[in-house]
Amino acid sequence: MTTATIMNGKVEITLAELIESKFLRCSKCNQIYQDPRILPCLHTFCKNCIEEISHDAPVTTNQENSIDRLQCPICQSFIGIPGEGAHAFPENPFLSNLLNIHEYKHPKERKCDYCSFDGKKTSAEYLCLDCNDDMCSNCSDAHRRTKITRNHSVIPFKQIQNGLYDHDMRSHQARSCTKHDDQLDFFCEICEILICPQCKNEEHDSHKSIKFDEALPRYKRHINGLLEGIQGRIPSIADYVKYLKSYENSLKESKQKLTENLEAQSNTLHQIIDNYKSEMLANISQKCEAELADLEKKSNNLEIAGKSLQDNATYLQYLLHHGRSDEILALHRQITFRLTQLANMQIDGITQKLKMGFSTGTNMEQNIKLLFGKLLLEHVPVSQKEAASALENGQLTVTTMLPPLKNSPEVVKTFDAEGSNDFKDVWPTGVSITQSDEVVTVDRDNKKVKVFDKNGNLTLEFVGKPDDKLGSPFDATVLKNGNIAVTDYETNEVKIFDAAGQYLSSISGHFKHPRGITTNSKGHIIVVDCGTLQLTVHDPKTGELLKKIEAVDDKGSKVLVDPYCVAVTNNDNILVTDTAAPNIKIFSSSGKFLAKYGSYGTKQDQILQPYGICCDDYGYIFVADNQNHRIHVLLPDGSFCKYLLTKSDGLWHPMGLAITKNGHFLVTEALGKVRVFRYI
């Protein structure tokens, strides 16, 4: 990447220069990209290069299955390899279109597309930008005379190679729908994807769609905001690397000086103390080398992180400056996810330094150790003042880099979670989302599970058969294979159903009133139990107990009082709402109690009855405050951010919460109202 072209946050490179720069070369093979594919970390490689990287990728084995992962050669990020391999990683549309121009700008034997229809092989000299056809001189003349094509832009290859038509070629490039082979002219605001007119009239007919040029400004502002955040981090990382290098040099100098002192002391003594001297020198070397190895590792990791951030920033600058609207929108979700990952990146710094010293002993031969002296080798904390000076911009923070939340979330749709033949008022205690954005609700009082399509239409409801009938269902989660796991408070089981509502199996023997249920990134089932006041983790295929989380603090005391719902963050921390406390308990993925949020009351950081809880891909945490009629939003560190919705927004006793697959916020209310909002 041509990093020197970013000056003061502005792109200082022309399109022509960009096309001829290293930006179009794969960093693995150092050749012009062939079929460029973009990874989730926003680094791009040739498809074949990704396959080569994948071939040598490590295999991580867990109790559920084996997961292949590749490691990005640039940022060292580990990325799961989909079953389809490199083919599953999306094409980089920005680079593909630039490569198309690059190919035309470099002389190459081309044949006339029209003559080829007659079996002739005629050299092409012109390109029609509207038809994207190569033409010989005669066919070019005919093309200009035809009524339908006389106004087309036909340009000679020689002038293309001289760079006279770079921007014209860019303006004529367009993405086509893979399903209908039509131009992607519209942007579905519900699904947040580019669609063609036929898609708009078919599967997206009930959605709000606009011309993609009209949708661009909002998403471009969003990306720009996140981009400014990571650009601000680049100097901070560079400053900290400089600080670590300075400490490294100082450590080496201290080691050298200390060694010289020891040698000087040794020369004044007789051979009798040589063995002890060697022992002390070895101690010094061991401590220092371990410290230096740790410093080198941290420095290398930070340099890699800094380069990755710079690469991402450069790519996004080019994309935002030279990218077409459809290219930017096509990458928006992936870019947002990656930038949020970077926003949550923490510097792996140092909290203590190796302090060394030496005190000489008395000149007494009978006490060799006292005679030679004593080493001082210990880590001391880095002072706040020193750390602040190392980071000229102060402590790094990520909260300002998160995408801003709407002051007034926009209602996408509302519907009632009513089923057929409900004999009681709807009481939707649990909610989950399928891969196709269907809404799965658990109606506790009607003792059934209901499934609604993404438009809010009831498509399925099930209660189980007589031998496996739901007694008092509370919550549900959709497993990776599409099956639905439901906690049954009455039978003390977790019942597994397939996507059609047919009973498959039960997990039992581990519960005494199970309530909330969810899955982590590995697909493991996590259940919170209000009877045992603990959590259990299960294999989704066999139901085997993988782990029991006792939910105790450092003193061994139980921290749960009356737990209701459970969710996991994007780093697999576990969140539990505790209605009697009332607050939210936070545990690590291994089960260590980390923190809590909230207390009883109606003020900002207070809750009357926390119910549903969920997290989005950015790291925001959402909590349903049932009795206060509001939704709390917490930052990734668990601190209060704002209220997303309150009673003034018409919210009434919120219960279950979820984030839909297209990134909208869903809340169920007492008596069955379901509301979906666009909140970012």
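Look a little higher up for the structure.
Everything quoted here is computed from the prediction, not taken from an experiment. (Residues numbered from 1 in each chain as written. Predicted model: local features only at pLDDT ≥ 70, side-chain atom pairs only at ≥ 80, totals over all residues. Heavy atoms only, no water.)

Asks: Just to check I follow, could you spell out the packing of aromatic side chains for this structure?
Replies: How two aromatic rings sit relative to each other is set out by the distance from centre to centre and by the angle between their planes. This structure, assessed with the given rule, holds 18 aromatic pairs. Here the aromatic residues Phe23, Phe94, Tyr315 and Tyr318 are joined through ring pairs into a cluster of three or more. Here Arg144 stacks its cationic end above the ring of Tyr126, 5.2 Å away from the centre of that ring. Above the face of the Phe186 ring, Lys200 is positioned so that its terminal group lies 5.3 Å from the ring centre. (Phe/Tyr/Trp six-rings, centres within 6.5 Å; stacked < 30°, edge-to-face > 60°. Lys NZ or Arg CZ within 6 Å of the ring centre and 35° of its normal.)

Asks: Where do I start with the environment of Gln71 in this structure?
Replies: Relative to the assigned elements, Gln71 resides in strand 6 (residues 66–71). Here the alpha-carbon distance between Gln71 and Ile50, two residues 21 residues apart in the chain, equals 9.9 Å. Polar side-chain contacts of Gln71 include one of 3.2 Å to the backbone oxygen of Gln76. (Helix = DSSP H or I, 4+ residues; strand = E, 2+ residues; numbered from the N terminus. Polar contact = N/O pair within 3.5 Å; in protein donor to acceptor, adjacent residues only side chain to side chain.)

Asks: So what exactly am I meant to see when it comes to the sheet that holds strand 41 (residues 673–678) here?
Replies: What holds strands together in a sheet is hydrogen bonding between their backbones, with the strands either parallel or antiparallel. Pairing is antiparallel in the open sheet, where four strands are placed in the order 16-41-40-39. Only two strands of the sheet have a single neighbouring strand rather than two, namely strand 16 (410–416) and strand 39 (654–659). The mean angle between the axes of side-by-side strands here comes to 20 degrees, regardless of whether they run parallel or antiparallel. Alignment of strand 39 against strand 40 (residues 665–669), held across four bridges, turns out to be antiparallel. From the neighbouring strand, Ile659 faces strand 40, where its bridge partner is Phe665. (Pairing = 2+ DSSP bridges. Axes fitted to C-alpha atoms, helices over the stretch in contact; angles between N-to-C directions.)

Asks: Would you take a moment to explain the pattern of salt bridges for this structure?
Replies: As enumerated under the stated definition, the model contains 29 salt bridges in all. Of the charged contacts in the structure, one is a salt bridge between Lys111 and Glu109, with a shortest N-O distance of 3.2 Å. Look at Lys111 and you get partly exposed, because its relative accessible area is 39%. Of the residues examined, Glu109 reaches a relative accessible area of 54% and is grouped as exposed. A salt bridge links Lys558 to Glu550; the shortest N-O distance between them is 3.7 Å. On the accessibility criterion, Glu550 (40% relative accessible area) is partly exposed. (Salt bridge = Lys/Arg side-chain N within 4 Å of Asp/Glu carboxyl O. Buried < 20%, exposed > 50% of the residue type's maximum accessible area, 1.4 Å probe, protein only.)

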